[in-house]
Structures are given as structure tokens and as C-alpha cells.
Amino acid sequence: RDVSVTSLITNPNADPHLFETDAADAARLAQARVVIENGAGYDGWMTSLLSADSGNSTVVNAASVLHVGGSDPNPHLWYDIPKVPKVAAAIAAALTKAAPQDASTFQRNLDRFDASLAPLNAMLAQLREHFSKAPVAYTERVPGYALAVAHLSVKTPPGFARAIEDGEDPGPADTLTMEQLLTKHQVDVLLYNVQTVSPVTTQIRSLAEKSGIAVVGVSETMPLADTTYQQWQLAQLTALDHALQRATSKP
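What counts, and at which threshold
- Residues numbered from 1 in each chain as written.
- Predicted model: local features only at pLDDT ≥ 70, side-chain atom pairs only at ≥ 80, totals over all residues.
- Heavy atoms only, no water.
- Helix = DSSP H or I, 4+ residues; strand = E, 2+ residues; numbered from the N terminus.
- Rg over C-alpha atoms; globule rule 2.2 N^0.38 Å.
- Buried < 20%, exposed > 50% of the residue type's maximum accessible area, 1.4 Å probe, protein only.
- Axes fitted to C-alpha atoms, helices over the stretch in contact; angles between N-to-C directions.
- Parallel < 35°, antiparallel > 145°, perpendicular 65-115°, else oblique.
- Contact = heavy atoms within 4.5 Å.
- Nonpolar A, V, L, I, M, F, W, Y, C, P; charged D, E, K, R; others polar.
- Core = buried A, V, L, I, M, F, W, Y, C linked by side-chain atoms within 4.5 Å.
- Salt bridge = Lys/Arg side-chain N within 4 Å of Asp/Glu carboxyl O.
- Expected span 1.5 Å × (residues − 1).
- Arc of directions from axis to C-beta.
- Phe/Tyr/Trp six-rings, centres within 6.5 Å; stacked < 30°, edge-to-face > 60°.
- Polar contact = N/O pair within 3.5 Å; in protein donor to acceptor, adjacent residues only side chain to side chain.

Caption draft 1: Inspection of the overall build of the protein chain at higher detail. The helix and strand tally for the protein chain stands at 11 helices and 6 strands. A globule of 251 residues ought to have a C-alpha radius of gyration of about 18 Å, and the protein chain, at 19 Å, matches this closely. Summarising its shape, the C-alpha atoms of the protein chain cover approximately 60 × 35 × 35 Å along the three principal directions. A burial count over the protein chain gives 45% of its 251 residues as buried.

Okay, here's the thing in C-alpha cells:
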């Protein structure tokens, strides 16, 4: 109740990589006392907006908080669930700076938020316990951090995933390798980004289904059907757990 939140990206079916800002976005940003951006090259358009902003907002850059950098980092940081509390703490600190009179409320809500992640961490632990090193593939790196926490083995050629993420067609060699992962049953599950659909990803999904490989949908932004971040992430992790159970129970 002490904060009014405005999201610049509001369409859950839009590709955040392709988002374009306008004057209204700049005006909203100028009014903000706290600005939260992802960083790691994901929302590069924020850089130009912030450079034109003469306000006194506190900026929280999630990638900086988590020390994620390098030449080609995976920017989908909200899938690194065990580290999400670090970003939440940075946001709480920024809110406290903007409204110190509400510091106790922000701290209380931060504690409640951290506790709400317990079911997600429990599901990740369950995946790690039952399916450690199980081979999986994805159309792009969206769920990469969660898969790493679960100790699953990603077999997707890096060049394939990066090309899809950049809106380009993967090279023939990477595409062939990806197809063989499915047709030769070298992976148990394909994780499919439902928000970035192209002829190539549609073909890969169809090939997985024809080959009897389970397909689990993931998304970059929260679907309208989900009301909270926790509900969204838990639903995806649960679907992955069920898919792996089915795959490993086959004769």
C-alpha cells in the first residue's frame, strides 16, 4: 500500500527483447523514485531512458546486484530462484531510501517474500535429488539458471539457443544437432519458450512431440493466468518434475 508500481512491459505475449519505448515510457520513468531494471543486456533500452532522465530516482540493476556480467551472460535472472532474495533486498533498500518512514513495512514484506520462495526451492531440491544430471534441452536460455540449480544437464548447442534468443536462424550444424537430440532420444524433456515462436522453434517442438519427448512450456514474463511470481515459477517447475517422472518411468 506504500508503493505505486508501473510496469513498462505489460503485454505478457510480447518479446521483451524486441520492446520499443516511447515518450510515455520516458515520462513514467521521470516520475519514478525507484527504478528497477534487469541489466545484462536484456533491457538495453532502459539505458537510453535513464540517460535522458534528470530525476533523482534510485536505480536497482538486478545483474549488478548479482554480479552477472561477461561477454554473453544469461539475462533471465529471475529463474535463479535461490538468488532472487538478493535482488529483493536491494529493492527493499531502495524503497527505504525513498520512503524511510515505511522502512519497517518494507522489511516485514521482504521477510514474507523470502519465506514465500520456500516451495520453489523445495521443488528445485526435489528435482536435484531425483533427476540430477538428467539430459534436457531448451529452445533458448530462459530456464537456464533453474536447470543449473536442479543439476540437470542441458544438451542444447549454445549457438542454437543464442540464435533463437537473438531472433535469428541457427546454423545448419546446430540445428542438426538439436534435431538429433530429439530423434535419437538423447534428452528427456524439451523446454520450449512459448513467447518466442518462430518456424524453427515450431519445427523443433513438433519434432519433439513426434519423437515422444515431453515438452514443457516456459515464458519470459508472467502469463495472465498466474497471479504471482511464485505461482508462475512453481507451476513451471512442477510441470518439469512431472515430465521427468514420466520420461524416467518409461521401459
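Continuing now.
Caption draft 2: Seen up close, the packing of helix α4 (residues 84–98) against helix α5 (residues 103–116). Contact geometry of α4 with α5 gives a least axis separation of 9 Å together with a crossing angle of 170°. Accordingly, the angle class assigned to the pair α4 and α5 is roughly antiparallel. Contact residues: α4 offers Val84, Pro85, Ala88, Ala89, Ala92, Leu95 and Thr96, while α5 offers Ala103, Phe106, Leu110, Phe113 and Asp114. Here the contact of α4 with α5 is built from residues that sort into 10 nonpolar, 1 polar and 1 charged.

Caption draft 3: Representation of the nonpolar core in the model. Counting 38 residues, the largest nonpolar core has Tyr79, Leu152, Val189, Leu191, Tyr229, Leu240 and Leu244 as the members making the most contacts within it. The greatest single-element share of this core, amounting to 6 residues, is contributed by helix α11 (residues 229–248). Among all residues touching Tyr229, those that are not within four sequence positions of it are Trp78, Ile81, Val84, Leu117, Leu120 and Met222. In terms of nonpolar packing, the next biggest core, distinct from the first, is built from 13 residues, Ala137, Leu181, Val187 and Ala208 among them.

Caption draft 4: Quick peek at the pattern of salt bridges. Scanning the entire structure with this criterion turns up 8 salt bridges. Between Arg162 and Asp72 there is a salt bridge, with its nearest N and O atoms 2.5 Å apart. With Arg162 in helix α8 (residues 158–165) and Asp72 in the loop between α3 (62–65) and α4, this pair connects stretches of sequence that are 90 residues apart. By relative accessible area, Asp72 is classed as partly exposed at 38%. Across the pair Glu209 and Arg205 runs a salt bridge, and its minimum N-O distance is 3.3 Å. Of the two residues, Glu209 and Arg205 are both situated in helix α10 (residues 199–210); the distance of 4 residues between them amounts to about one turn of the helix.

Caption draft 5: Seen up close, α10. Its 12 residues place the ends of α10 16 Å apart at the C-alpha level, agreeing with the 16 Å of an ideal helix rising 1.5 Å per residue. For α10, the full list of buried residues reads Val200, Thr201, Ile204, Leu207 and Ala208. Along α10, the residues classed as buried sweep out an arc of 120° about the axis, all on the same side. Across from the buried face of α10, at angles greater than 90 degrees, the exposed residues are Pro199 and Lys210. In the core, the buried residues of α10 are packed alongside α8, α9 (172–183), β5 (189–193) and β6 (214–218). After α10 finishes, the residue Gly212 shows a positive phi value of roughly 80°.

Caption draft 6: View of the packing of aromatic side chains. If you walk through the whole model with that rule in mind, you get 5 aromatic pairs. Arranged with centres 5.3 Å apart and planes meeting at 65°, the rings of Tyr42 and Trp78 form a pair that is edge-to-face. Of the two residues, Tyr42 sits in the loop between β1 (34–37) and α2 (45–51) while Trp78 sits in the loop between α3 and α4, which places them 36 residues apart along the sequence. The same class applies to Tyr42 and to Trp78, which are both buried. For the ring pair Tyr79 and Trp232, a centre distance of 6.1 Å and an interplane angle of 80° mean the geometry is edge-to-face. Here Tyr79 is found in the loop between α3 and α4, whereas its partner Trp232 is found in helix α11, with 153 residues between them in sequence.

Caption draft 7: Summary view of the side chain of Gln195. In this fold, Gln195 is placed in the loop between β5 and α10. A polar contact of 2.5 Å, which involves the side chain of Gln195, links it to the backbone nitrogen of Glu220. For Gln195, the side chain forms a polar contact with the side chain of Thr221, separated by 2.6 Å. With residues up to four places along the chain from it excluded, the contact list for Gln195 reads Pro12, Asn13, Ala14, Ser219, Glu220 and Thr221.

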